[in-house]
Amino acid sequence: AVDAQQAMRHARAIYAAALALCAMVLLAACALAVAGTMADRLGHDELRMGLLKALGADEGMLLGDYLQIAAILGSIGALPGVLLGWVVSGLLNRLAPVQTPYLLFTPRLGAVVFFFVALVAMCAAIAPVSRAVRQDGTWALYYSSLAKPGASASLEASSPTLGHVTSGGSER
């Protein structure tokens, strides 16, 4: 009976270690996905960021805006993950033999996981966002106009006010 209890404790320790390892791998994947998404988003928003900086927006405001976007991305990913974890733990508890200890998925644990994933998403976005925010606004405007041929034409076509004014300032 002592060997069976020791084997059960050993199995639980291995199970807990495997769950912790899976959680760390998934959090790292979440962080990389958010960092990649934010880097791509910042690449598309160079012109917007340059215009905002030229209009007087400070780096803190821009950093806050993009970290808020990262928190929303993390929350969007965390909500289905927490709900799926709750469903899976409930199913495993129903399918387990009678003497098996339950997988406890409490509302507190769900909330902690949810906010931790959102926090990891924000932390993963700090590096690309702070790098993009520290760029000179004039350089960002100049580079974005050079990098995309026809960018000014697409800007004029997408803007209701710029579409009626030529580069010389007169109406068409």
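What you see is a predicted model, and the numbers here were worked out from it, not measured in a lab.

Novice: How would you summarise the environment of phenylalanine 115 if you had to cite specific residues and measurements?
Specialist: By the secondary structure assignment, phenylalanine 115 is in helix α4 (residues 107–133). In this structure phenylalanine 115 comes out as exposed when scored by relative accessible area, which is 56%. C-alpha of phenylalanine 115 to C-alpha of leucine 79: the two residues are 36 residues apart in sequence and 9.8 Å apart in space.

Novice: A description of the confidence of the model for the chain should follow, citing residues and the corresponding values.
Specialist: Summary statistics for the chain give a mean pLDDT of 78 and a share of 79% for residues scoring 70 or more. For the chain, per-element mean pLDDT is lowest for helix α6 (residues 151–158), which scores 48, and highest for α4, which scores 88. Below pLDDT 50 for its whole length, residues 153–172 participates in 13 contacts with residues either more than four positions away or in separate chains.

Novice: Could you give an account of the environment of valine 88, naming the residues involved and the relevant values?
Specialist: Position of valine 88 among the secondary structure elements: in helix α3 (residues 59–95). With 17 residues separating them in the primary sequence, valine 88 and phenylalanine 105 have C-alpha atoms 9.8 Å apart.

Novice: Lay out the packing of aromatic side chains with the relevant residues and their values.
Specialist: For the coordinates displayed, the defined rule picks out 1 aromatic pair. Taking 5.3 Å as the distance between ring centres and 80° as the angle between the ring planes, the aromatic pair formed by phenylalanine 114 and phenylalanine 115 counts as edge-to-face.

Novice: Account for the packing of helix α1 (residues 2–44) against α3, naming residues and giving values.
Specialist: The contact between α1 and α3 brings their axes to 11 Å, and the two run at 135°. In terms of axis orientation, α1 runs oblique to α3. Where α1 crosses over α3, the two elements pack in a sense that is right-handed. In this structure, α1 uses Val34, Thr37, Met38, Arg41 and Leu42 to contact α3, whose residues at the interface are Tyr66, Ile69, Ala70 and Leu73.

The rules behind the values
- Residues numbered from 1 in each chain as written.
- Predicted model: local features only at pLDDT ≥ 70, side-chain atom pairs only at ≥ 80, totals over all residues.
- Heavy atoms only, no water.
- Helix = DSSP H or I, 4+ residues; strand = E, 2+ residues; numbered from the N terminus.
- Buried < 20%, exposed > 50% of the residue type's maximum accessible area, 1.4 Å probe, protein only.
- pLDDT = per-residue confidence, 0-100.
- Contact = heavy atoms within 4.5 Å.
- Phe/Tyr/Trp six-rings, centres within 6.5 Å; stacked < 30°, edge-to-face > 60°.
- Axes fitted to C-alpha atoms, helices over the stretch in contact; angles between N-to-C directions.
- Parallel < 35°, antiparallel > 145°, perpendicular 65-115°, else oblique.
- Left-handed = near helix turned anticlockwise from the far one by under 90°.

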